[in-house]
Amino acid sequence: QVQLVESGGGLVQPGGSLNLSCAASGSIVSVYAMGWYHQPPGKQRELVAAITNRGITNYADSVKGRFTISRDNAENTVYLQMNSLKPEDTAVYFCNADVRATMISRRPYWGQGTQVTVSS
């Protein structure tokens, strides 16, 4: 009933940039927060950045100053602008949304994941 569609992943050289997008759709009543998590090879999934519908943001220490999360509340879309990319940023990036949907209690939803590879 709620779907998250991600785009923007790919292969980029160190120092380059990518912009990830994630749009939530379906029987949405309210989106309270959206964010991005990543899962490097062999590691646990962890928060990269998140933003509430009031604009409050949280960032992992490893991306502060390099990544910027933003949200278009009207479109239920979240973006992650990734600059100064490093090889250690290589991971599958998952979109997450905290959503209240019709006839469904508030709960998190996850996207399918998009691969980001930083390599020369």
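Residues numbered from 1 in each chain as written. Predicted model: local features only at pLDDT ≥ 70, side-chain atom pairs only at ≥ 80, totals over all residues. Heavy atoms only, no water.

Peer 1: What exactly am I supposed to notice about the state of the cysteines here?
Peer 2: Joining two cysteines, a disulfide is a covalent bond between their sulfur atoms. Tallied over the full model, the rule gives one disulfide. Across the disulfide from C22 sits C95; the S-S distance is 2.0 Å. When the S-S torsion is -85°, as for the bridge of C22 with C95, the disulfide is left-handed. Of this pair, C22 sits in strand β3 (residues 18–26) while C95 sits in strand β9 (residues 91–101); the two residues are 73 residues apart in sequence, bridging distant segments of the chain. The pair formed by C22 and C95 is uniform in burial state, with each residue classed as buried. (Disulfide = S-S within 2.5 Å. Helix = DSSP H or I, 4+ residues; strand = E, 2+ residues; numbered from the N terminus. Buried < 20%, exposed > 50% of the residue type's maximum accessible area, 1.4 Å probe, protein only.)

Peer 1: Explain the sheet that holds β3 to me, please; I cannot follow it from the model alone.
Peer 2: In sheet architecture, strand pairing relies on hydrogen bonds along the backbone and comes in two forms, parallel and antiparallel. Pairing within the open sheet is antiparallel, and its four strands lie in the order β1-β3-β8-β7. In this open sheet, the two strands that pair with only one neighbour each are β1 (2–7) and β7 (67–72). Recorded for the sheet is a direction-independent mean angle of 15° between the axes of neighbouring strands. With six bridges connecting them, β1 and β3 associate as antiparallel partners. Bridged to V2 within β3 is G26. (Pairing = 2+ DSSP bridges. Axes fitted to C-alpha atoms, helices over the stretch in contact; angles between N-to-C directions.)

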